[in-house]
Structure formats: structure tokens, C-alpha cells
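Okay, here's what each chain looks like letter by letter:
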Amino acid sequence: NFNSGVCLGDFPKLDREVSALAWLVPHQYIHNPLVGVGWSRVVAFWPSDPHSEDARPTLIPAHKTDILSLCLCERAGMDPDDWVIASGDASGDLLFHVTSSGRLAFKLTARQLNDPPDASSSQAEQEGQASIFCLLWLPGTDYLLVGVGSGHVHAIDVGAEKKILSVAPEMFPDDPRPGNITEATPTHSLSLRTQPDSVSTMAYHP
């Protein structure tokens, strides 16, 4: 309960850590509106009532590595049954499942999203740079923003099922101080330089 802090019930748990949750608008064909992902590498759909007789989640095997992020893509002009849930994992793969059925709509791999990795870096370093730590849907559009470990932000056109833009980390300020920044301040002076931070959180400001 939001006001009292009293736990109203527990959903059946997954066998590993849950990293992200999303809520779907209950609809004629959406009976399990609570969606969760995590280190179990499945997309789990729970019913709205944890006390129901069939409260076990529907588990959809999806990713090959731990799932780190989740986002509901509320596509403008589309019926809620045709919206998709996006999930990103530690290896950089991005999957889209239909909300009503859980069916895999399409997938974008780390190779499709990112530039070729530095040949001198290890496989673990390459996967860390590609890891998808956060997702953000832009309301009223068909675009999803993807924040990855290299510091890049990718823009995905969900309708076209492809990446349309990437913004490099040097375009983002590193702890900027507004009083010291003017229109003449060169962009490179604000960059994260050789050690870009992972994009861990994004928010939409209308």
C-alpha cells in the first residue's frame, strides 16, 4: 500500500535478481500486465492480482545474457494489443515482444546497434561497452532511446525496426558548471574523453 507501506502480497519470484519492471494497461487480450526481467534471462508476465489462483508468471525465454533494462513502447496510433515491450541485455542485444501475446516481434543485435569494437579489447570489455543499461520511449513518436555502456545513446525507429541515429558520449557534458559555459565553449572541453561513463538513466522532459 503506497500510503501505509503495508505489503499487500508477493508475486511468485524468479530464480534470479529482477532488474526492471513495467506495467501494461490491462486490456481484452492483456491478462498478465506486470512484466519483469532480470538475471534469469526470461521475460516474465504476472497477473495483476498476486492472490489469484494462477499467479505464476508466464516465462518467455528470450536473452542469452542477463537482462538489464525494460521499456513499454506505447506506439502512437496503434492499438495497445500491438504495442511492444523492449528489453536490453548485458551483451547488447535488444529484443521486442508483443504485449498481448509475448511473441518476439523483432531483434536488434549488439553488432547492429554499435560500431565495430576495438580489436585490442577483450571480449568482456567489448560486451561491457555494448551493455544496454537503460531504455526510454519518446511519447507520441515511434522512437526508443537506448543507453549503452560505451556512453553512446542510440535512437531506434520501432516501426522501421532499425537504428536511425547514434549520439557519441563527447556530445554530453562531463559535470558541467553553467556559470563557466558559454556559446563559445568548445564541445570537446565538455566531453567524457577516453573514459566515457555508461548511460545508466534517461528521462523525458516534454
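Just so you know, these numbers come straight off a predicted model, no measurement behind them.

(A) Seen up close, the side chain of Ser40. Along the chain, Ser40 turns up in the loop between strand S2 (34-38) and strand S3 (42-46). Of the polar contacts made by the side chain of Ser40, one reaches the side chain of Asp15; its length is 2.5 Å.

(B) Region of the structure containing the nonpolar core. The biggest cluster of nonpolar side chains holds 17 residues, and the ones touching the most others in it are Leu94, Phe96, Leu135, Leu144, Val146 and Ile156. When contributions to this core are tallied by element, the ones reaching two or more residues are strand S5 (67-73), strand S6 (84-89), strand S7 (94-98), strand S8 (104-108), strand S9 (132-137) and strand S10 (143-148). Each residue touching Ile156, except ones within four places of it in the same chain, is listed here: Leu94, Phe96, Leu108, Leu113, Asp142, Tyr143, Leu144, Val146, Lys162 and Lys163. In this structure, Ala20, Ile30, Val35 and Trp83 belong to the second largest nonpolar core, which totals 14 residues.

(C) Spotlight on the packing of aromatic side chains. Following the criterion strictly, the structure yields one aromatic pair and no others. For the ring pair Phe96 and Phe106, a centre distance of 4.2 Å and an interplane angle of 15° mean the geometry is stacked. Highlighted residues: Phe96 in strand S7 and Phe106 in strand S8, separated in sequence by 10 residues. Residue classification places Phe96 among the buried residues on the basis of a relative accessible area of 0%.

(D) Quick look at the side chain of His97. Summarising the element assignment, His97 is placed in strand S7. When neighbours within four sequence positions are excluded, His97 is seen to be in contact with Val43, Ile60, Ala62, Trp83, Val84, Ile85, Gly102, Arg103, Leu104 and Ala105.

(E) Representation of the environment of Lys107 within the structure. Relative to the helices and strands, Lys107 is located in strand S8. The exposure class assigned to Lys107 is partly exposed, which follows from its relative accessible area of 37%. Distance in space between the C-alpha atoms of Lys107 and Asp93 is 7.4 Å, their sequence separation being 14 residues. Other than its neighbours up to four places away in sequence, Lys107 contacts Asp93, Leu94, Leu95 and Gln112.

(F) Representation of the sheet that holds strand S12 (residues 162-167) in the model. Pairing within the open sheet is antiparallel, and its four strands lie in the order S9-S10-S11-S12. Strand pairing shows two members of the sheet lacking a second neighbour, S9 and S12, which therefore form its edges. Recorded for the sheet is a direction-independent mean angle of 25° between the axes of neighbouring strands. Of the strand pairs in this sheet, strand S11 (residues 153-157) and S12 are connected by five bridges, and their pairing is antiparallel. Its bridge partner being in S12, Val153 is matched across the sheet by Val167.

(G) The arrangement of a nonpolar patch on the surface in detail. A cluster of nonpolar residues, Tyr143, Ile164 and Leu165, forms a patch on the protein surface that exposes about 270 Å² of accessible area. Position of Tyr143 among the secondary structure elements: in strand S10. On the basis of relative accessibility, which here comes to 34%, the residue Tyr143 falls in the partly exposed class.

(H) Examining the pairing of S5 more closely. Counting buried residues in S5 gives six out of seven residues, a clear majority hidden from the surface. Looking at chain direction, S5 and S6 are connected through six bridges and run antiparallel. Across the sheet, Cys73 pairs through a bridge with Val84, a residue of S6.

(I) Main features of the sheet that holds S2. The strand order across the open sheet formed by four strands is S1-S2-S3-S4, and the pairing between neighbours is antiparallel. Of all strands in the sheet, those bounded by a partner on one side alone are strand S1 (18-23) and strand S4 (58-61). When the angles between neighbouring strand axes are averaged without regard to direction, this sheet yields 20°. Looking at chain direction, S1 and S2 are connected through five bridges and run antiparallel. By the bridge assignment for S2, Trp23 is matched with Leu34.

The rules behind each value
- Residues numbered from 1 in each chain as written.
- Predicted model: local features only at pLDDT ≥ 70, side-chain atom pairs only at ≥ 80, totals over all residues.
- Heavy atoms only, no water.
- Helix = DSSP H or I, 4+ residues; strand = E, 2+ residues; numbered from the N terminus.
- Polar contact = N/O pair within 3.5 Å; in protein donor to acceptor, adjacent residues only side chain to side chain.
- Core = buried A, V, L, I, M, F, W, Y, C linked by side-chain atoms within 4.5 Å.
- Buried < 20%, exposed > 50% of the residue type's maximum accessible area, 1.4 Å probe, protein only.
- Contact = heavy atoms within 4.5 Å.
- Phe/Tyr/Trp six-rings, centres within 6.5 Å; stacked < 30°, edge-to-face > 60°.
- Pairing = 2+ DSSP bridges.
- Axes fitted to C-alpha atoms, helices over the stretch in contact; angles between N-to-C directions.
- Patch = residues over 30% accessible without salt bridge, like charges linked within 9 Å, V, L, I, M, F, W, Y side chains within 5 Å.
- Areas by Shrake-Rupley, 256 points an atom, 1.4 Å probe, with all protein chains shown as cover.
- Salt bridge = Lys/Arg side-chain N within 4 Å of Asp/Glu carboxyl O.

Don't take any of this as a statement about function, it's just geometry.
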